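Observations on the three-dimensional arrangement
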Amino acid sequence: MKTIHNINKWSLIITLLLYLTIYLGLLAQIPLGFIQFVLALSILSHWKKLNLLSKRLISIYWFLFISYWIAFYILNQSFETMYGLIFYAIIPMSIASYFVFATYQIKKSTYEPKLDYI
């Protein structure tokens with residue numbers, strides 16, 4: 001899980017840095033979304049090993065991900081409006097940021113050292 005979080009974190013950081021040019025940031029969201037989708041699928045493959053908090057975090061991510069794509073196909077906003085900016089840039093980056101937070105929490109709960117007190 002540590003590797004998943006690091007890949008996810010650096011993908012988001014690179015995308016945010018590319019947002020300094022706006023256009024490249026929007027283009028970088030495409031590989032970021034693909035990377036996060038693949039990482040989320042890989043986390044699902046370890047579902048039985050996850051604790052309750054991790055399962056809840058991943059379930060929320062999948063709910064946000066699916067809800068966004070359903071809204072994307074139903075609304076199909078134009079870039080010329082403020083809603084288009086929110087719909088194409090702000091919401092996807094918010095979901096991506098949440099997924100980085102979720103992978104951090106999963107990493108923390110998975111690799112937290114256990115101290116046995118007698």
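The structure displayed is predicted, hence computed values, not measured ones.

A few words now on the overall build of the protein. Looking only at helices and strands, the protein features four helices and zero strands. If you list the helices and strands of the protein from N to C, you get α-α-α-α. Here the protein, with 118 residues, has 34% of them falling under the buried criterion. Across the protein, the fraction of contacts at a sequence separation of at least 24, relative to all contacts at a separation of at least 6, is 66%. Put simply, the protein shows about 8000 Å² of open surface, and 73% of that area lies on carbon and sulfur atoms.

Next up on the list: the layout of surface pockets. Picture a little ball the size of a water molecule; that probe, rolled over the atoms, points out where space is still empty. Computed from the structure, the largest pocket encloses a volume of approximately 520 Å³. Lining the largest pocket are 20 residues, and of these Gln29, Gly33, Tyr68, Trp69 and Pro92 lie nearest its centre. Broken down by secondary-structure element, the contributors of at least two residues to the lining of the largest pocket are α2 (23–44), α3 (52–75) and α4 (82–111). Its residues assigned to classes, the lining of the largest pocket shows 17 nonpolar, three polar and no charged.

With that settled, the discussion passes to the packing of aromatic side chains. Scanning the entire structure with this criterion turns up 16 aromatic pairs. Ring centres of tyrosine 61 and phenylalanine 99 lie 4.3 Å apart, and the angle between their planes is 35 degrees; on these two criteria the pair is classed as tilted. Of this pair, tyrosine 61 sits in helix α3 while phenylalanine 99 sits in helix α4; the two residues are 38 residues apart in sequence, bridging distant segments of the chain. For the pair formed by tyrosine 61 and phenylalanine 99, the shared burial category is buried. Here phenylalanine 72 and tyrosine 73 contribute two aromatic rings whose centre-to-centre distance is 5.5 Å and whose plane-to-plane angle is 85 degrees, an arrangement assigned as edge-to-face. Tyrosine 73 sits in the exposed class, given a relative accessible area of 64%. Through a chain of ring-to-ring contacts, the aromatic side chains of Tyr68, Trp69, Phe72, Tyr73, Phe87 and Tyr88 assemble into a single cluster.

With 20 residues, the main nonpolar core has Ile43, Tyr61 and Phe99 as its most contacted residues. Only α2, α3 and α4 provide two or more residues apiece to this core. If we ignore the near neighbours within four places in the chain, the residues touching isoleucine 43 are Met1, Ile4, Leu50, Ile58, Phe99, Thr103 and Ile106. The next biggest cluster of nonpolar side chains, apart from the first, holds seven residues, and it includes Leu12, Tyr19, Ala89 and Ala96.

A cluster of nonpolar side chains, Trp10, Ile13, Ile14, Leu17, Leu18, Leu20, Tyr23, Leu24, Leu27 and Ile30, forms an exposed patch at the surface whose accessible area comes to about 1000 Å². Residue assignment for the nonpolar patch shows that the elements contributing at least two residues are α1 (2–18) and α2. For the nonpolar patch, the element with the highest residue contribution is α1, accounting for five residues. Mapping tryptophan 10 onto the fold places it in helix α1. Of the residues examined, tryptophan 10 reaches a relative accessible area of 48% and is grouped as partly exposed.

Cut-off values and rules
Residues numbered from 1 in each chain as written. Predicted model: local features only at pLDDT ≥ 70, side-chain atom pairs only at ≥ 80, totals over all residues. Heavy atoms only, no water. Helix = DSSP H or I, 4+ residues; strand = E, 2+ residues; numbered from the N terminus. Buried < 20%, exposed > 50% of the residue type's maximum accessible area, 1.4 Å probe, protein only. Contact = heavy atoms within 4.5 Å. Areas by Shrake-Rupley, 256 points an atom, 1.4 Å probe, with all protein chains shown as cover. 1 Å grid on protein atoms, 1.4 Å probe; cavity = no way out; pocket = protein on both sides within 12 Å on 5 of 7 lines; lining within 4 Å. Points joined across faces, edges and corners; volume = space filled by probe spheres on them. Nonpolar A, V, L, I, M, F, W, Y, C, P; charged D, E, K, R; others polar. Phe/Tyr/Trp six-rings, centres within 6.5 Å; stacked < 30°, edge-to-face > 60°. Core = buried A, V, L, I, M, F, W, Y, C linked by side-chain atoms within 4.5 Å. Patch = residues over 30% accessible without salt bridge, like charges linked within 9 Å, V, L, I, M, F, W, Y side chains within 5 Å. Salt bridge = Lys/Arg side-chain N within 4 Å of Asp/Glu carboxyl O.

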